[in-house]
Amino acid sequence: MISFLHAADLHLGAPFSGLSPAQAAKRREEQIELVRRMFDASNERGCTLALLAGDLFDAPEVRPDTAEQVQRACAGFHGRIFIAPGNHDCCKPGGVYSLGGWPENVHIFSSRDISHVELPECTVYGAGFTQVCENAMLDGFRAEDGKPALMVLHGDCLQKDSPYDPITKEQVEKSNLTYLALGHIHQASGLLHAGKTAYAWPGCAMGRGFDELGEKGVYFGSISDSGKVSLDFAPLGGRKYEILRVDAGDDALSSIERVLPESTQNDIYRIILTGQAALPDTRALTCALESRFFALTIRDETRPKQELWSGAGEDTLRGLFLQTLRTQYDAAADDVTRRKIARAARLGLDAMENRLEVDG
């Protein structure tokens, strides 16, 4: 059996421009720690191969200390590492992949032409970006029969006209590969098949913005003696980006506090205030809540508040609806009940005016 790590799109050295300089520096330190954890977990699982499918770095040129720390982490892996540079970290003169110091267990596919490395248990194929944009590199390729054939490649399986090595299902099916380890797309694919070839992309290993929400991670895979491929998605921990939409109501702070998860202090949140409300003071809300998060932004998407009971008693469907709820509101025994009735009135008015928001 062959056991392997498949990771992609770590974007080491990213600027994290949405954070403060101190927070961004902390996040870059955490990226390096994630690489160490990734290889530690690989060693614990007995992986003999690591397939890094592009955009390991956020740019071709990186700080020398970043490169040195990554090289040391690679040296700590007990097996062989195969890197296919992507569009962000394309292999070019003066770039990170042309630096000395890469350990002997690392092989970098530095050409856009597919090449291979023969190992006792399998053959590993790969190619790398040599510029930001590349035409289809897999087109016309077919692996030789015999040992299990793996490939590591950065490319776009979702857009046939992509400038970033477009890959079609037909190309994958004709490749005769056992497993194709891809990168570029930042949401994990799950295990896919085209003919006899299994393929996947793990998504980015660490979220860097609000377009990369929730837990991120890598794949740990295995190929049985019969050639069957299995994948296990493994979150590596760390901070998450999350978006929380909250109906501001009459007290935005209380509304937010009621729906906040218990543990948010390590994560990066964007809270979006919605519904009808008096103009929220987002600065005051941020000051009141920011200690509960690693980083917090609050956006106001509320609509101007109208007098709720205006028009109650008018000889219209709206007026009769409001009058009925107003009577219940005035007779309510407590504030909790009154809040529920007021919310029902707002939702009813929104429905009548085709403004009802549906979360999803």
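The structure displayed is predicted, hence computed values, not measured ones.

Student: Provide a residue-level description of the side chain of Asn176, including the pertinent values.
Tutor: Within the secondary structure, Asn176 sits in the loop between α3 (169-174) and β8 (179-183). For Asn176, the side chain forms a polar contact with the side chain of Asp145, separated by 2.8 Å. Once residues lying within four places of it in the same chain are set aside, the contact partners of Asn176 are Arg142, Ala143, Glu144, Asp145, Ala149, Lys196 and Thr197.

Student: Please provide a residue-by-residue account of the sheet that holds strand β12 (residues 229-235), values included.
Tutor: Here we have 6 strands laid out as an open sheet, ordered β4-β3-β2-β1-β11-β12, and mixed in their pairing. Each edge of the sheet is formed by a strand with only one pairing partner; in this case those strands are β4 (106-108) and β12. Along the sheet, successive strands turn relative to each other by an average axial angle of 20 degrees, direction set aside. Taken together, the 3 bridges between strand β3 (residues 80-83) and β4 define a ladder with parallel strand orientation. From the neighbouring strand, Phe82 faces β4, where its bridge partner is His107.

Student: Give me the nonpolar core: which residues, what numbers.
Tutor: Membership of the largest hydrophobic core comes to 44 residues, with the highest contact counts inside it found for Met38, Phe39 and Trp102. Residue assignment for this core shows that the elements contributing at least two residues are β1 (2-7), α1 (21-44), β2 (49-52), α2 (64-75), β3, β4 and β11 (217-223). No other element matches the 7 residues that α1 contributes to this core. The residues touching Trp102, leaving out its near neighbours within four places in the chain, are Phe57, Val70, Gln71, Cys74, Ile83, Val96, Tyr97 and Ile108. Of all hydrophobic cores here, the second largest spans 22 residues; its members include Val117, Leu119, Tyr179 and Ala200.

Student: Let's hear about the pairing of β8: which residues, and what values?
Tutor: Within β8, 5 of the 5 residues are buried, which leaves the element mostly enclosed by the surrounding structure. Residue alternation in β8 divides its side chains into two sets, Tyr179, Ala181 and Gly183 and Leu180 and Leu182, and both sets are buried. With 5 bridges connecting them, strand β7 (residues 149-154) and β8 associate as parallel partners. Across the sheet, Val152 pairs through a bridge with Ala181, a residue of β8.

Student: How would you sum up helix α6 (residues 317-331)? Please name residues and give values.
Tutor: Helix length check: α6, at 15 residues, gives a terminal C-alpha distance of 22 Å against a target of 21 Å (1.5 Å per residue), a fit within 8%. Among all positions of α6, only Gly319, Leu322 and Leu325 are buried. The buried residues of α6 all sit within an arc of 140 degrees when viewed along its axis, so they share a single face. Counted as exposed and oriented over 90 degrees from the buried face of α6: Leu317, Leu320 and Ala331. The inward-facing, buried residues of α6 abut α7 (335-352).

Student: Run through the sheet that holds strand β13 (residues 241-247), naming residues and quoting values.
Tutor: Taken together, 3 strands build an open sheet; the order of strands is β13-β14-β16 and the sheet is parallel. With one partner strand each, in any of the chains shown, β13 and β16 (295-300) form the two edges of the open sheet. Within this sheet the neighbouring strands show an average axis-to-axis angle of 20 degrees, counted without direction. As paired strands, strand β14 (residues 268-274) and β16 are joined by 6 bridges and run parallel to one another. Within β16, the position partnered with Leu273 by the bridge is Asp300.

Student: Describe the packing of helix α4 (residues 252-259) against helix α5 (residues 282-289), with residues and values.
Tutor: Contact geometry for α4 and α5: axes closest at 10 Å, N-to-C directions at 40 degrees. Our classification of the angle between α4 and α5 gives oblique. Of the two elements, α4 crosses α5, and the hand of that crossing is right-handed. Across the interface between the two elements, Ala252, Leu253, Ile256 and Glu257 from α4 touch Leu285, Ala288 and Leu289 from α5. Its residues assigned to classes, the contact of α4 with α5 comprises 6 nonpolar, no polar and 1 charged.

About the criteria used
- Residues numbered from 1 in each chain as written.
- Predicted model: local features only at pLDDT ≥ 70, side-chain atom pairs only at ≥ 80, totals over all residues.
- Heavy atoms only, no water.
- Helix = DSSP H or I, 4+ residues; strand = E, 2+ residues; numbered from the N terminus.
- Polar contact = N/O pair within 3.5 Å; in protein donor to acceptor, adjacent residues only side chain to side chain.
- Contact = heavy atoms within 4.5 Å.
- Pairing = 2+ DSSP bridges.
- Axes fitted to C-alpha atoms, helices over the stretch in contact; angles between N-to-C directions.
- Core = buried A, V, L, I, M, F, W, Y, C linked by side-chain atoms within 4.5 Å.
- Buried < 20%, exposed > 50% of the residue type's maximum accessible area, 1.4 Å probe, protein only.
- Expected span 1.5 Å × (residues − 1).
- Arc of directions from axis to C-beta.
- Parallel < 35°, antiparallel > 145°, perpendicular 65-115°, else oblique.
- Left-handed = near helix turned anticlockwise from the far one by under 90°.
- Nonpolar A, V, L, I, M, F, W, Y, C, P; charged D, E, K, R; others polar.

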